Amino acid sequence: MASIQNHTAYLLLGSNLGDRAATLRAAVQQLNELAGTISSTSSLYETAAWGLEQQPAFLNQAVQLRTNLPPEVLLDVCLHVEQLAGRERRVRWDARTLDVDILLYDELVLDSSRLVVPHPALPQRRFALVPLAEIAATTVHPVFGQTVTELLAACTDVLPVTQYYTSEAN
């Protein structure tokens, strides 16, 4: 009998190297197997690189995960899934096969040496807010007290975020 998964986490997946859509599909499957149950996925969105801008465009996708894992154990699983995709950490914001960020975890506010939840840059990043709003529009940010939709409306990031269409997108 499966255990009840008591926590809801929202993750952002991103890829800008290789077969980006296939990498995101594999990551969703691996997270579903290793971390809990993926209960919702956003569409894929193509976005210009943020931070180090001279690199290929990203595909991003938000997922809702039901899990029993504590936040820092979930972080370990996310890092493992990145490694399975061939992620190499060389330079901050560099091109990567896969990036998995924990955006929200229940109503938790956590600031440890390894993990900050909610993701501290979430309100400033359209590439995270647009896919998150698709699956969690009314979810309230536990620090700012605003819904994801309200955060998106107030976001000053001007980088375009466009829905990505492919015959195998979802």
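Keep in mind that this is a model prediction, so the values were computed, not measured.

Undergrad: Just checking my understanding: could you explain the overall build of the protein for this structure?
TA: Each helix and strand counted, the protein has four helices and eight strands in total. Taken from the N to the C terminus, the helices and strands of the protein come in the order β-α-β-β-β-α-β-β-β-α-α-β. Expressed as a percentage of the 170 residues in the protein, the buried residues total 47%. Considering only contacts in the protein between residues 6 or more positions apart, those separated by 24 or more positions represent 70%. When the accessible surface of the protein is split by element, carbon and sulfur atoms take 52% of a total near 8500 Å².

Undergrad: Just to check I follow, could you spell out helix α1 (residues 20–34) for this structure?
TA: Since there are 3.6 residues in each turn of an α-helix, residues three or four apart along the chain are aligned in direction. When the terminal C-alpha atoms of α1 are compared, their 21 Å separation across 15 residues agrees well with the 21 Å that a helix rising 1.5 Å per residue should span. Every buried residue of α1 is accounted for by Arg20, Ala21, Thr23, Leu24, Ala27, Val28 and Leu31. Taken down its axis, α1 places every buried residue within 160° of arc, on the same side. Just past α1, the residue Gly36 takes up positive phi, approximately 150°.

Undergrad: What's the story with the confidence of the model for the protein in this structure? I'm lost.
TA: Averaged over every residue, the pLDDT of the protein is 90; the share at 70 or more is 88%. Per-element confidence in the protein ranges from a low mean pLDDT of 94 for helix α2 (residues 71–84) to a high of 98 for helix α4 (residues 148–154).

Undergrad: Explain the pairing of strand β4 (residues 58–67) here, please?
TA: On a regular strand, each side chain points to the face opposite its neighbour's, so the side chains alternate between the two faces of the sheet. Across the 10 residues of β4, nine count as buried, placing the element largely inside the fold. Sheet topology places strand β1 (residues 7–15) next to β4; nine bridges connect them, and they run antiparallel. In the sheet register, Leu11 faces β4, and the bridge partner there is Val63. Pairing analysis gives four bridges linking strand β2 (residues 37–41) to β4, with the strands arranged antiparallel. Counted as the bridge partner of Thr37 is Arg66 from β4. Two strands pair when backbone bridges link them, and strand β3 (residues 45–47) and β4 are joined in this way by three bridges, in the antiparallel orientation.

Undergrad: Explain the side chain of Thr67 to me, please; I cannot follow it from the model alone.
TA: Within the fold, Thr67 resides in strand β4. Non-local contacts of Thr67, meaning those with residues more than four positions away in its chain, are made with Gln5, Asn6, His7, Ala35, Gly36 and Tyr105.

Undergrad: Hey, could you run me through empty space enclosed by the protein in this one?
TA: Rolled over the atoms, a probe sized like a water molecule indicates the empty space that remains. For the structure shown, the criterion picks out one cavity of 30 Å³ or more. Surrounding the largest cavity, Leu12, Asp101, Leu103, His119, Leu122, Arg125, Phe127 and Ala128 form its lining. Its residues placed into classes, the lining of the largest cavity shows five nonpolar, one polar and two charged.

Undergrad: What's the story with the environment of Pro160 in this structure? I'm lost.
TA: Along the chain, Pro160 turns up in the loop between α4 and β8 (161–163). Residues Pro160 and Tyr45 lie 115 residues apart in sequence; the distance between their C-alpha atoms is 9.7 Å. Excluding residues within four positions of it along the chain, Pro160 makes contact with Glu46, Thr47 and Ala48.

Calculation rules
- Residues numbered from 1 in each chain as written.
- Predicted model: local features only at pLDDT ≥ 70, side-chain atom pairs only at ≥ 80, totals over all residues.
- Heavy atoms only, no water.
- Helix = DSSP H or I, 4+ residues; strand = E, 2+ residues; numbered from the N terminus.
- Buried < 20%, exposed > 50% of the residue type's maximum accessible area, 1.4 Å probe, protein only.
- Contact = heavy atoms within 4.5 Å.
- Areas by Shrake-Rupley, 256 points an atom, 1.4 Å probe, with all protein chains shown as cover.
- Expected span 1.5 Å × (residues − 1).
- Arc of directions from axis to C-beta.
- pLDDT = per-residue confidence, 0-100.
- Pairing = 2+ DSSP bridges.
- 1 Å grid on protein atoms, 1.4 Å probe; cavity = no way out; pocket = protein on both sides within 12 Å on 5 of 7 lines; lining within 4 Å.
- Points joined across faces, edges and corners; volume = space filled by probe spheres on them.
- Nonpolar A, V, L, I, M, F, W, Y, C, P; charged D, E, K, R; others polar.

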